[in-house]
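One-letter residues, chain by chain:
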Amino acid sequence: MSHLTAWDRICIARSQNRPKSRDILPKLFEDIIELYGDRCYGDDAALIGAIGRFEGMPVTILAQSKGRDLQENLACNFGMMNPEGYRKAMRLAKQAEKFHRPIITIIDTAGAFPGKGAEERGQAEAIASSLKMFATIQTPVLAIVLSEGGSGGALALSVADRIYMMENAVYSILSCEGFASILWKDETRAKEAAELMECTSIDLAKKGIIDGIITEPEGGFDHQSDEVYGQIRSIIRRELNILTKIRVKNLVQQRYEKFRAMGNV
Amino acid sequence: MNHLFKKRKEQLGFFQGLLSKPKSVNIPREFNESAIMVCDSCGGASSKKDMASNLFVCPSCNYHLKLTPQQRLYQLIDENSFRETNRKMSSTSVALFPGYLDKYNKNVENTGNLEAVVCGVATIGGNKTAIAILDAHFMMGSMGSVVGEKITRLIELADRKKLPLIIFSASGGARMQEGINSLMQMAKTSAALAHFGDNGGFYISVLTHPTTGGVSASFAMLGDIILAEPGALIGFAGRRVIEKTVNEKLPDNFQTAEFIKEKGFVDRIVARKQLRNTLITLLEYHKEASI
Ligand SMILES: [Zn+2]
């Protein structure tokens, strides 16, 4: 694994050229059918909801979606979900539970959208309900942190039986800019904050927050990194093989124990 | 001076009854302060005595001042009924983040509490209830690993003992200094509530000023019944962050309890004077849920 600073990895994770959910889904799944809307208010393009097959096995896919260019980013709100996105995720997760499909989530967001409408439509309630629902959902959940996992907006889709991170992905309580702004009232100290935040895949593996790291070539993986896609596929294969064999009651109990142990005092 | 001393003695006596192991650190801070209180909202001055007898609601403008957990308990529960749980739990990670230890120590000194939440079991109108009260005076009521752990243990206790649960939220959100461990407390407390709820447990969430960030986006918004104190700030993102993002000025009432109720996210706004009776009524209604 390469020895980069946290800030280096943040830059790689946020780079425009880094593969996004829309790029990697077709490399992992077949027969993808996207499903839209929360059946309540609207659709949120910052979350791709879909059914697909993983090596033949039907799965539900919930993937946070950043754009590959400005136009796409404007369409998907730069990957920052509104309450509709979390409610769409919950709707499709319940559907997955009903039809016994494992759920695979892809995390890539700077955070939940801090917008006016988001507050009016209950961003806090949507995230809280998502955390609660995934805690006891009666089907396996596997989370992969693709690039950026920021705050409650990422956590809402990370209450999973297994959490894997791309080597250059970062996952943290808040973006380093937000962190610097809250602690020191100075957003420009983001780089300094990044090194203190212990937000890299290596940090989180050490802390026992994640279950494994998907290694990347120097400088980060790209569209041609077949070896990396092979690693992701073999992790999904191995984990689904394990998780689908555990009795659902035990699975939910183990998931509780996993999160119960986090940040022990 | 004599007067102050007498008051302090009375207060100590109260806490000797209230806590199983009383310690001088539990003397509420207001008795070390001057006798005049100024309302945070209208600036009106009242004597501390008048303010306390009015439940720390400003007599001129009805602003609900922040309470310490001890004040909240004193106003709500049956006398001498509180048994605190995990009082001495404190974080092992305070030395890890630059400046955290100093800040933590100052907050311990100022509040007399070791963390931003007080948990325990008490009776309210004779109803035995598990209670957690976050303390906005302690590092803005922020949730680090100890706050998450104490609340989770209380939820598990309520589940085991089949008690109803009331959590008073007052928090700026997750505690930055503990990083990812703070974030994970959102998942931990929500997961504990999911199991508590599945087992039939009854949970009242009371949102007080302020309830924002990672606390509003976890246990605070998961009550079977959600109450809010008048005027309380309730929301996910901070006002300045939102204004910067959407590039517009937000209305004054944005993210107030009244605004959130209008949007459909709280069941009732309850004035502090009615809170005890409202809670008793709700607890009585759900008695069978806790058997
Ligand atoms: Zn006033």
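Residues numbered from 1 in each chain as written. Chains lettered and ligands numbered in written order. Predicted model: local features only at pLDDT ≥ 70, side-chain atom pairs only at ≥ 80, totals over all residues. Heavy atoms only, no water.

1. Comments concerning the packing of aromatic side chains
For step 1, the next point in the chain: The tally for this structure, following the rule as stated, stands at 5 aromatic pairs over all chains.
For step 2, the next point in the chain: Seen in terms of ring centroids, Phe29(A) and Phe54(A) are 6.2 Å apart; in terms of plane orientation they differ by 65 degrees. Their pairing is edge-to-face. In this pair, Phe29(A) sits in the loop between helix H2 (21-28) and strand S1 (30-34) while Phe54(A) sits in strand S2 (residues 47-54), placing the two residues 25 residues apart along the sequence.
For step 3, the next point in the chain: Here Phe254(B) and Phe259(B) contribute two aromatic rings whose centre-to-centre distance is 4.9 Å and whose plane-to-plane angle is 55 degrees, an arrangement assigned as tilted. Each member of the pair, Phe254(B) as well as Phe259(B), is classed as buried.
For step 4, the next point in the chain: Its end group placed over the ring of Tyr229(A), Lys27(A) keeps NZ or CZ at 5.0 Å from the ring centre.
For step 5, the next point in the chain: Looking at Arg189(A), its charged tip hangs above the ring of Trp184(A), at a distance of 4.2 Å from the centre. (Phe/Tyr/Trp six-rings, centres within 6.5 Å; stacked < 30°, edge-to-face > 60°. Helix = DSSP H or I, 4+ residues; strand = E, 2+ residues; numbered from the N terminus. Buried < 20%, exposed > 50% of the residue type's maximum accessible area, 1.4 Å probe, protein only. Lys NZ or Arg CZ within 6 Å of the ring centre and 35° of its normal.)

2. Remarks on the interface of chain A and chain B
For step 1, the next point in the chain: Between chain A and chain B, the residue contacts involve 45 residues of the former and 51 residues of the latter.
For step 2, the next point in the chain: Summing both partners gives a buried area of about 4100 Å² for chain A against chain B, and 74% of it is carried by carbon and sulfur.
For step 3, the next point in the chain: Contact with chain B buries surface across chain A, with Glu119(A), Ile173(A) and Val265(A) losing the most and accounting together for 18% of the total.
For step 4, the next point in the chain: The tally of links from chain A across to chain B stands at 4 salt bridges.
For step 5, the next point in the chain: Residues Glu187(A) and Lys244(B) are paired through a salt bridge, measuring 3.2 Å at the closest nitrogen-oxygen approach.
For step 6, the next point in the chain: Seen at the junction of chain A and chain B, the total is 10 residue pairs in polar contact (both at pLDDT 80 or more).
For step 7, the next point in the chain: Residue assignment for the side of chain A that touches chain B shows that the elements contributing at least two residues are helix H5 (116-120), helix H6 (123-136), helix H7 (151-155), strand S7 (170-172), helix H8 (176-184) and helix H12 (248-260) of chain A.
For step 8, the next point in the chain: Of all the elements, H6(A) adds the most residues to the side of chain A that touches chain B, at 10 residues.
For step 9, the next point in the chain: Of the residues assigned to the side of chain A that touches chain B, the class counts are 24 nonpolar, 11 polar and 10 charged. (Contact = heavy atoms within 4.5 Å. Buried area = accessible area lost by both parts, 1.4 Å probe. Salt bridge = Lys/Arg side-chain N within 4 Å of Asp/Glu carboxyl O. Polar contact = N/O pair within 3.5 Å; in protein donor to acceptor, adjacent residues only side chain to side chain. Nonpolar A, V, L, I, M, F, W, Y, C, P; charged D, E, K, R; others polar.)

3. Looking at the pattern of salt bridges
For step 1, the next point in the chain: Counting across every chain of the model gives 35 salt bridges over all chains.
For step 2, the next point in the chain: Here Glu34(A) makes a salt bridge to Arg22(A), at a shortest N to O gap of 3.0 Å. On the criterion of sequence distance, the pair formed by Glu34(A) in strand S1 and Arg22(A) in helix H2 is long-range, its members being 12 residues apart.
For step 3, the next point in the chain: Among the residues examined, Glu34(A) registers a relative accessible area of 23% and is labelled partly exposed.
For step 4, the next point in the chain: We note a salt bridge from Arg276(B) to Asp78(B), for which the minimum N-O separation is 2.9 Å. In this pair, Arg276(B) is assigned in helix H10 (residues 272-285) and Asp78(B) in the loop between helix H3 (69-76) and strand S3 (83-85), connecting sequence segments 198 residues apart.

4. A closer look at empty space enclosed by the protein
Residues and elements named next belong to chain B.
For step 1, the next point in the chain: Inspection of every chain in the model, using the stated rule, returns 6 cavities of 30 Å³ or more.
For step 2, the next point in the chain: If you add up the space inside the largest cavity, you get close to 110 Å³.
For step 3, the next point in the chain: The wall of the largest cavity is formed by 15 residues, among which Lys-66, Leu-67, Arg-72, Ala-170 and Thr-208 lie closest to the centre.
For step 4, the next point in the chain: Broken down by secondary-structure element, the contributors of at least two residues to the lining of the largest cavity are strand S5 (127-134), strand S6 (165-171) and strand S7 (203-211).
For step 5, the next point in the chain: By residue class, the composition of the lining of the largest cavity is 7 nonpolar, 4 polar and 4 charged. (1 Å grid on protein atoms, 1.4 Å probe; cavity = no way out; pocket = protein on both sides within 12 Å on 5 of 7 lines; lining within 4 Å. Points joined across faces, edges and corners; volume = space filled by probe spheres on them.)

5. A short note on the nonpolar core
For step 1, the next point in the chain: Judged by nonpolar contacts, the single largest core of 140 residues is most densely connected at Phe134(A), Tyr171(A), Ile236(A) and Leu165(B).
For step 2, the next point in the chain: The biggest single contributor to this core is helix H6 (residues 179-198) of chain B, with 10 residues.
For step 3, the next point in the chain: Discounting chain neighbours no more than four positions away, the residues touching Ile236(A) are Leu28(A), Phe29(A), Phe54(A), Ile104(A), Leu142(A) and Ile144(A). (Core = buried A, V, L, I, M, F, W, Y, C linked by side-chain atoms within 4.5 Å.)

6. Focus on the coordination of the zinc ion
Residues and elements named next belong to chain B.
For step 1, the next point in the chain: Bound to the zinc ion on the protein side are Cys-39 (SG), Cys-42 (SG), Cys-58 (SG) and Cys-61 (SG), at distances that span 2.2 to 2.4 Å.
For step 2, the next point in the chain: Relative to the metal, the 4 donor atoms surrounding the zinc ion lie at angles of 106 to 112 degrees, and the coordination shape comes out tetrahedral.
For step 3, the next point in the chain: Each donor residue of the zinc ion lies on one chain, and together they are spaced C-x2-C-x15-C-x2-C. Of this pair, Cys-42 sits in the loop between strand S1 (36-38) and strand S2 (45-47) while Cys-61 sits in the loop between helix H2 (48-53) and H3, and the two are 19 residues apart along the sequence.
For step 4, the next point in the chain: The exposure class of Cys-42 is partly exposed, given its relative accessible area of 39%.
For step 5, the next point in the chain: Look at Cys-61 and you get partly exposed, because its relative accessible area is 33%. (Donors = N, O, S within 2.8 Å, 3.2 Å for Na, K, Ca; no water. Tetrahedral: all angles 85-135°; square planar, octahedral: opposite > 155°, others 65-115°.)

7. So, the state of the cysteines
For step 1, the next point in the chain: This model, assessed by the stated rule, comprises 0 disulfides over all chains.
For step 2, the next point in the chain: With no disulfide partner, Cys176(A) has as its closest neighbouring cysteine sulfur the one in Cys199(A), 6.9 Å distant. (Disulfide = S-S within 2.5 Å.)

8. Points about unusual backbone geometry
Most peptide bonds adopt trans geometry, and most residues besides glycine take a negative phi value.
For step 1, the next point in the chain: For the peptide bond that leads from His209(B) to Pro210(B), omega is -15 degrees, which places it in the cis range.
For step 2, the next point in the chain: Its identity as a non-glycine residue notwithstanding, Lys185(A) has a phi of 55 degrees, on the positive side.
For step 3, the next point in the chain: Following the sequence through the fold, Lys185(A) ends up in the loop between H8 and helix H9 (190-196).
For step 4, the next point in the chain: For Leu55(B), which is not glycine, the phi dihedral falls at a positive 60 degrees.

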